[in-house]
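Given next are the chains, with one letter for each unit.
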Amino acid sequence: MKSGCGVSMKKRALITGVEGQDGYYLARLLARKGYEVFGVVRKKARRSLSGSEEAPAYERIYADMMEFSSLCSCIREIRPDEIYNLAGLSEVPLSWKQPIFTAHVNALGVLRILEAMRLCAPEARFLQSSTSEIFAPSAQPLHEGSAMATRNPYGTAKLYGHWITTNYRESYGLFACAAILFNHESPRRGIEFVTRKISAAAVRIYLGRQKVLELGNLDAVRDWGSAEDYVRAMWLMLQQERPEDFVVATGEPHTVREFASAAFHALGIDLAWEGEGFAETARDQRTGEVLIRVNPALYRFPKEDVIVGNPARAARKLGFLPAHSFHSLVEEIVKSDLSALSEDLR
Ligand code: GDP
């Protein structure tokens, strides 16, 4: 916050990755709280907004996570009170196709922005968007002290980002902390994630535009929360007296099968599951038509795939409780896809 003649008293926040799902919700939250919000973007927008599109809740500032000097200039110019680092590649399978890019942005990008903050605005508060993928697999809910071990280039790069944030906090005394985010979804989630894949396909099937949805491991378990809720936890973390890391999760395990049942149910279609393993299918209980099939090519390895968080510490210390239930989240995503596709078909 700046003071003095003619200078804004508003708090200033800088968000990297502002064009992603979380960036959208975080910029909106901070703007509503009266912040001046600056979003780091790499390129000038190629087109202007169409009539129905919402104007972004932030001012664009041009910089690149690969370019240290651009981050420095941007921090020097904005003098942010809070920096939220949300930039990075977010899809695990894509990180196998682009492992070097993933390391550059998800690992070294964090170091670049921390260095820029240390040199240009050491009094700012920093939040690193960390991930449940940094933890070793466990059937038990994962907490802040759980063992860390990664299984893919995404997780490995994010683990570096997580630890370098801790290092800068502990060694330089910066207010830097990591929000360890479990899967978080919204109508803005990319279609390559299973939640939006299911939702969009369920809507197309409902509207008669698609026959069958193919999925991988139906037994995979995730702790799906709402992106809109989780950005509130990020903000709360930077309002604490001391910088600390927190797991941000719901603590509720759900299978991919449950997510699919809930998505079709939101459209009035009840599924009947039958068969096992690769032969499992889901039929429409009313018509008997097969709507979901398993495609072994969509399986990931290792196969036992459970990621659930323990949100107790965030509830106790931040007072953070998610506003969305599992079913209200699924319904929100499905309803949004339904209205978008119905609009397209009009
Ligand atoms: P992730 O947890 O960040 O990898 O998010 P995803 O939404 O991509 O995947 C969540 C879980 O759903 C993983 O365990 C996947 O193996 C499982 N899954 C099952 N079928 C599919 C599918 O067709 N697409 C995707 N993306 N995931 C699937």
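Preceding this section is the structure that the text describes.
Residues numbered from 1 in each chain as written. Predicted model: local features only at pLDDT ≥ 70, side-chain atom pairs only at ≥ 80, totals over all residues. Heavy atoms only, no water.

## Some words on the site of the ligand
Close to the ligand lie 14 residues, the nearest being Lys197, Gly216, Arg222, Arg300 and Asp305. Here Val194 contributes a backbone N or O atom positioned 2.8 Å from an oxygen atom of the ligand. For the ligand, an oxygen atom lies 2.7 Å from a polar atom in the side chain of Lys197. Here the ligand, which alone exposes 530 Å², has 93% of that area covered by the protein. For the shell around the ligand, the class distribution of residues is six nonpolar, three polar and five charged. (Near = heavy atom within 4 Å. Polar contact = N/O pair within 3.5 Å; in protein donor to acceptor, adjacent residues only side chain to side chain. Areas by Shrake-Rupley, 256 points an atom, 1.4 Å probe, with all protein chains shown as cover. Nonpolar A, V, L, I, M, F, W, Y, C, P; charged D, E, K, R; others polar.)

## A few points about the pattern of salt bridges
Scanning all chains against the criterion turns up 19 salt bridges. Of the charged contacts, one joins Arg313 and Glu144 as a salt bridge, the two residues approaching to 3.7 Å between their closest N and O atoms. You can see Arg313 sitting in helix α9 (residues 312-318) and its partner Glu144 sitting in the loop between β5 (125-131) and α5 (153-172), a full 169 residues away along the chain. Just as Arg313 is buried, Glu144 falls in that class too. (Salt bridge = Lys/Arg side-chain N within 4 Å of Asp/Glu carboxyl O. Helix = DSSP H or I, 4+ residues; strand = E, 2+ residues; numbered from the N terminus. Buried < 20%, exposed > 50% of the residue type's maximum accessible area, 1.4 Å probe, protein only.)

## Considering the pairing of strand β4 (residues 82-85)
The alternating pattern of β4 places Glu82 and Tyr84 on one face and Ile83 and Asn85 on the opposite face, and all of these are buried. Pairing of strand β1 (residues 12-16) with β4, which is carried by four bridges, proceeds in the parallel orientation. Opposite Ala13, over in β4, you have Glu82 as the bridge partner. As judged from the four bridges shared by β4 and β5, these two strands associate in the parallel manner. For Glu82, the partnering residue across the bridge sits in β5 and is Arg125. (Pairing = 2+ DSSP bridges.)

## So, the packing of helix α6 (residues 194-206) against helix α8 (residues 256-265)
A pair of packed helices can be characterised by two numbers: the angle between their axes and the separation between those axes. Contact geometry for α6 and α8: axes closest at 9 Å, N-to-C directions at 35 degrees. Crossing geometry of α6 relative to α8 is assigned as right-handed. Within the contact between the two elements, α6 uses Val194, Thr195, Ile198, Ala202 and Ile205 and α8 uses Val256, Phe259, Ala260, Ala263 and Phe264. Among the residues making up the contact of α6 with α8, the classes are represented as nine nonpolar, one polar and no charged. (Axes fitted to C-alpha atoms, helices over the stretch in contact; angles between N-to-C directions. Left-handed = near helix turned anticlockwise from the far one by under 90°. Contact = heavy atoms within 4.5 Å.)

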